[in-house]
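# Structural characterization, general
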Amino acid sequence: MKQIVETMCGIVECHADKLRTPTIIPGLVLHQMQTSINPIHAFYHPRVCIILRGGKTVSLGHERFHVDQSTFLLVTVDLPVASQVFKADNGKSHLALTLDLDRTMLADVLQRLPPHQTPTSPPAGIIASELTRSLLEPFARLLNLLDNPDEVEFIRPLIVQEIHYRLARTGLSERLGQFAWSGSHLWQIGKATSWIKANYKEPMRIEELSEMAGMSVTSFHRHFKAVTLMTPIQYRTQVRLQEARRMLISERAAAGTAGVAVGYDSQSQFSRDYKRMFGAPPASDAARLVRTI
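It should be emphasised that the depicted structure is a prediction, and the values quoted were computed from it without experimental measurement.

### Some thoughts on the overall build of the protein
Along its length, the protein carries 11 helices and 10 strands. Its C-alpha radius of gyration of 20 Å places the protein within 12% of the 19 Å reference for a compact globule of 293 residues. Overall, the C-alpha framework of the protein stretches about 55 × 50 × 35 Å when taken along its three principal axes. Going through the 293 residues of the protein one by one, you find that 50% of them count as buried. In the protein, the share of contacts with a sequence separation of at least 24, taken over all contacts with a separation of at least 6, comes to 74%. Summed over its atoms, the accessible surface of the protein is roughly 14100 Å², and 51% of this surface lies on carbon and sulfur atoms. Charged side chains of the protein number 33 positive and 27 negative; the gap between the two group centres comes to 6 Å.

### Some words on the pattern of salt bridges
All told, the structure shown has 13 salt bridges when counted by the stated rule. Residue Asp 108 pairs with Arg 112 through a salt bridge whose shortest N-O separation is 2.8 Å. Of the two residues, Asp 108 and Arg 112 both sit in helix H2 (residues 103-112), 4 residues apart, roughly one turn of that helix. Taking the relative accessible area as the measure of exposure, Asp 108 reaches 28% and is therefore partly exposed. The salt bridge partner of Asp 273 is Arg 276, with a shortest N-O separation of 2.9 Å. With Asp 273 and Arg 276 both in helix H10 (residues 267-278), this residue pair falls 3 residues apart, about one helical turn.

### Points about the packing of aromatic side chains
One pass over the full model with this rule turns up 6 aromatic pairs. On the numbers, 6.0 Å between centres and 75 degrees between planes, the contact of Phe 43 with Tyr 235 is edge-to-face. A residue pair is termed long-range when its members are at least 10 positions apart, and Phe 43 in strand S3 (residues 40-44) and Tyr 235 in helix H8 (residues 232-250) qualify at 192 residues. Assessed through its relative accessible area of 23%, Phe 43 is described here as partly exposed. Grouped by ring-pair contacts, the aromatic residues Phe 43, Phe 220, Phe 224 and Tyr 235 constitute a single cluster.

### What about the environment of Gly 171?
Counting through the fold element by element, Gly 171 comes out in helix H4 (residues 152-180). As for Gly 171 and Gln 3, which are separated by 168 residues in sequence, their C-alpha atoms are 25 Å apart.

### Points about helix H6 (residues 206-213)
All of the buried residues in H6 are Ile 206, Leu 209, Ser 210 and Ala 213. The buried residues of H6 all sit within an arc of 95 degrees when viewed along its axis, so they share a single face. Structurally, H6 contributes buried residues whose contacts are with helix H5 (185-198), helix H7 (217-228) and H8. Of the residues flanking the end of H6, it is Gly 214, one or two places downstream, whose phi is positive at about 75 degrees.

### Structural notes on the side chain of His 164
Relative to the helices and strands, His 164 is located in helix H4. Given the relative accessible area of 1%, His 164 is considered buried. Dropping the residues within four chain positions of it, His 164 is found in contact with Asp 100, Leu 101, Asp 102, Met 105, Leu 106 and Val 109.

### Here we look at the environment of Ala 168
Along the polypeptide, Ala 168 turns up in helix H4. Along the chain, Ala 168 and Phe 65 lie 103 residues apart, while their C-alpha atoms are 20 Å from each other. Sequence-distant contacts of Ala 168, that is, excluding residues within four places in its chain, are made with Leu 110, Leu 113, Ser 173 and Leu 176.

### Describing the pairing of strand S5 (residues 55-60)
With 5 of 6 residues buried, S5 lies mostly within the body of the structure. Bridging between S5 and strand S8 (residues 79-86) involves 5 bridges; their strand directions are antiparallel. Each residue of the ladder has a partner; that of Lys 56, found in S8, is Val 85. The antiparallel hairpin formed by S5 and strand S6 (residues 63-67) contains 2 residues in its connecting segment, where Gly 61 sits at a positive phi of about 60 degrees.

Rules used throughout
- Residues numbered from 1 in each chain as written.
- Predicted model: local features only at pLDDT ≥ 70, side-chain atom pairs only at ≥ 80, totals over all residues.
- Heavy atoms only, no water.
- Helix = DSSP H or I, 4+ residues; strand = E, 2+ residues; numbered from the N terminus.
- Rg over C-alpha atoms; globule rule 2.2 N^0.38 Å.
- Buried < 20%, exposed > 50% of the residue type's maximum accessible area, 1.4 Å probe, protein only.
- Contact = heavy atoms within 4.5 Å.
- Areas by Shrake-Rupley, 256 points an atom, 1.4 Å probe, with all protein chains shown as cover.
- Lys, Arg positive; Asp, Glu negative; His and termini not counted.
- Charge placed at Lys NZ, Arg CZ, Asp CG, Glu CD.
- Salt bridge = Lys/Arg side-chain N within 4 Å of Asp/Glu carboxyl O.
- Phe/Tyr/Trp six-rings, centres within 6.5 Å; stacked < 30°, edge-to-face > 60°.
- Arc of directions from axis to C-beta.
- Pairing = 2+ DSSP bridges.

And the structure:
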């Protein structure tokens, strides 16, 4: 695998010039970072993350997931996370790639495999799992298409289908089935998280969310926390604070304006929540980040 990884590193270094570089291949994003960085708060949508050099720690709720060259990260639901990137031990830049999961393609792949038993409770929407050679090889072929753009339209779907097949063969078929099948517990919780993301400013009633998910309130609470590793209120708070931070930095909004805009009625509560998540009050945190841009 070492030679495969070295070749992939060369391609990523050639095509990625910043922390996040979209490519001509739909859903494929390259990542290169010259220095280790403090935790970045972001939203992860369903994807696979492969680390080629260095490492990454992703925090969600009270859980932490470490990913390096021996593991990959699988995300099956929209999640607000904090990720910290590390350079390689030899001082070389951090290199990685992410590929969006294709629900339709995955459902088609799973239909061709032996049936699996659906778990009674949905697994967490994020997991770090062992990276095998059989999974790494199609990712290497996908990267090769960046140097052969005329082949992307025809070859890409074949390689991406194989990647989804290899994922299903890693022992994660039940977890992937929860993502792929309409009506699964993960799919039901995904409807609720999508609503929260789109309506984070609005009042939120758990009874309405549970009805949206087609669950009792008790069942909804249990499954929501199993998938997202946090409560619905905690999930909404993270969505609100990430949006407030974006407004403070990109729009140069005042702290009070940002707090009200994301749905806070109390400025003091907004400041407390913000400091708890980002380590400093809104104005101080924004000033520090603006100086580093």
